[in-house]
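Commentary on secondary and tertiary structure
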Amino acid sequence: MNKKLHIKKGDMVYVNAGNDKGKTGKVLEIITKKDRAIVEGLNMVSKHTKPNAQHPQGGIIKQEAGIHISNLQVVDPAKGGPTRIGRRMGENGKLVRYAKKSGEEIK
């Protein structure tokens, strides 16, 4: 079963809870099974790695971890703040997402 989430890959999102509260970033990946999103530069964790082809030295690498999507809101393209998302029919008869705050369509 495919879930319908309010956030997509490539969206600019605002974090409204957790250690990175108040920060914004671009969604790199959505993990639908766990309802999480990986946001560029946010929720950084240290990962210990063995030497491999990408990292011949091995050691400790900083990388993004998932943030639950309930803690994320899409940034309004017109006003710039966090907004809720609605869906309505577009000109071509397809459902489009729009910002509830400004009414602006979200790409």
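Below is a summary of the structure that appears in this document.

Definitions and limits used
Residues numbered from 1 in each chain as written. Predicted model: local features only at pLDDT ≥ 70, side-chain atom pairs only at ≥ 80, totals over all residues. Heavy atoms only, no water. Pairing = 2+ DSSP bridges. Helix = DSSP H or I, 4+ residues; strand = E, 2+ residues; numbered from the N terminus. 1 Å grid on protein atoms, 1.4 Å probe; cavity = no way out; pocket = protein on both sides within 12 Å on 5 of 7 lines; lining within 4 Å. Points joined across faces, edges and corners; volume = space filled by probe spheres on them. Nonpolar A, V, L, I, M, F, W, Y, C, P; charged D, E, K, R; others polar. Contact = heavy atoms within 4.5 Å. Buried < 20%, exposed > 50% of the residue type's maximum accessible area, 1.4 Å probe, protein only. Core = buried A, V, L, I, M, F, W, Y, C linked by side-chain atoms within 4.5 Å.

Description of the sheet that holds strand S9 (residues 85-89)
Each strand in a sheet pairs with its neighbour through backbone hydrogen bonds, running either in the same direction (parallel) or in the opposite one (antiparallel). With antiparallel pairing, 3 strands are arranged side by side in an open sheet as S9-S10-S11. With partners counted over all chains shown, the strands left at the sheet margins are S9 and strand S11 (105-106), one partner each. Judged from the 5 bridges that link them, S9 and strand S10 (residues 95-99) form a sheet pairing that is antiparallel. For Ile 85, the partnering residue across the bridge sits in S10 and is Ala 99.

Let's talk about the layout of surface pockets
For the largest pocket, the calculated volume is near 170 Å³. What lines the largest pocket is simply Lys 4, Lys 8, Lys 9, Gly 10, Asp 11, Arg 87, Leu 95, Val 96, Arg 97, Ile 106 and Lys 107. In terms of residue count, S10 provides more of the lining of the largest pocket than any other element does, 3 residues in total. Classifying every residue of the lining of the largest pocket by side-chain character gives 3 nonpolar, 1 polar and 7 charged.

Quick word on the environment of Gly 59
By the secondary structure assignment, Gly 59 is in strand S5 (residues 59-64). Here Gly 59 is in contact with Lys 47, His 48 and Thr 49, once residues within four sequence places are set aside.

Let's talk about the sheet that holds strand S1 (residues 12-15)
With respect to topology, 6 strands assemble into an open sheet ordered S6-S3-S2-S1-S7-S8, the strand pairing being antiparallel. Taken across any chain shown, the strands that pair with only one partner, and hence form the sheet edges, are strand S6 (66-68) and strand S8 (82-83). Looking at chain direction, strand S7 (residues 72-75) and S8 are connected through 2 bridges and run antiparallel. Paired with Val 75 across the two strands is Pro 82, which belongs to S8.

Things to note about unusual backbone geometry
The phi dihedral of Asp 35 falls on the positive side, at around 55°, and the residue is not glycine. Relative to the helices and strands, Asp 35 is located in the loop between strand S2 (24-31) and strand S3 (36-39). One non-glycine residue with positive phi stands out, namely Asn 43, at about 55°. Its relative accessible area of 27% is what places Asn 43 among the partly exposed residues.

Remarks on the nonpolar core
With 15 residues, the main nonpolar core has Ile 7, Val 13, Val 39, Ile 67 and Leu 72 as its most contacted residues. Elements with a minimum of two residues in this core: S1, S3 and S7. The residues contacting Leu 72, other than those within four sequence positions of it, are His 6, Ile 7, Val 13, Tyr 14, Val 15, Asn 16, Ala 37, Val 39 and Ile 67.

Quick word on the pairing of S1
Of the two faces of S1, only one is covered, namely that formed by Val 13 and Val 15; the face formed by Met 12 and Tyr 14 stays uncovered. Both S1 and S2 contribute to a ladder of 3 bridges, which runs antiparallel. Paired with Val 13 across the bridge in S2 is Gly 25. Note: S1 against S7, 3 bridges, orientation antiparallel. Considered in S7, the bridge of Val 13 is made with Val 74.

On their own, these measurements won't tell you what the molecule is for.
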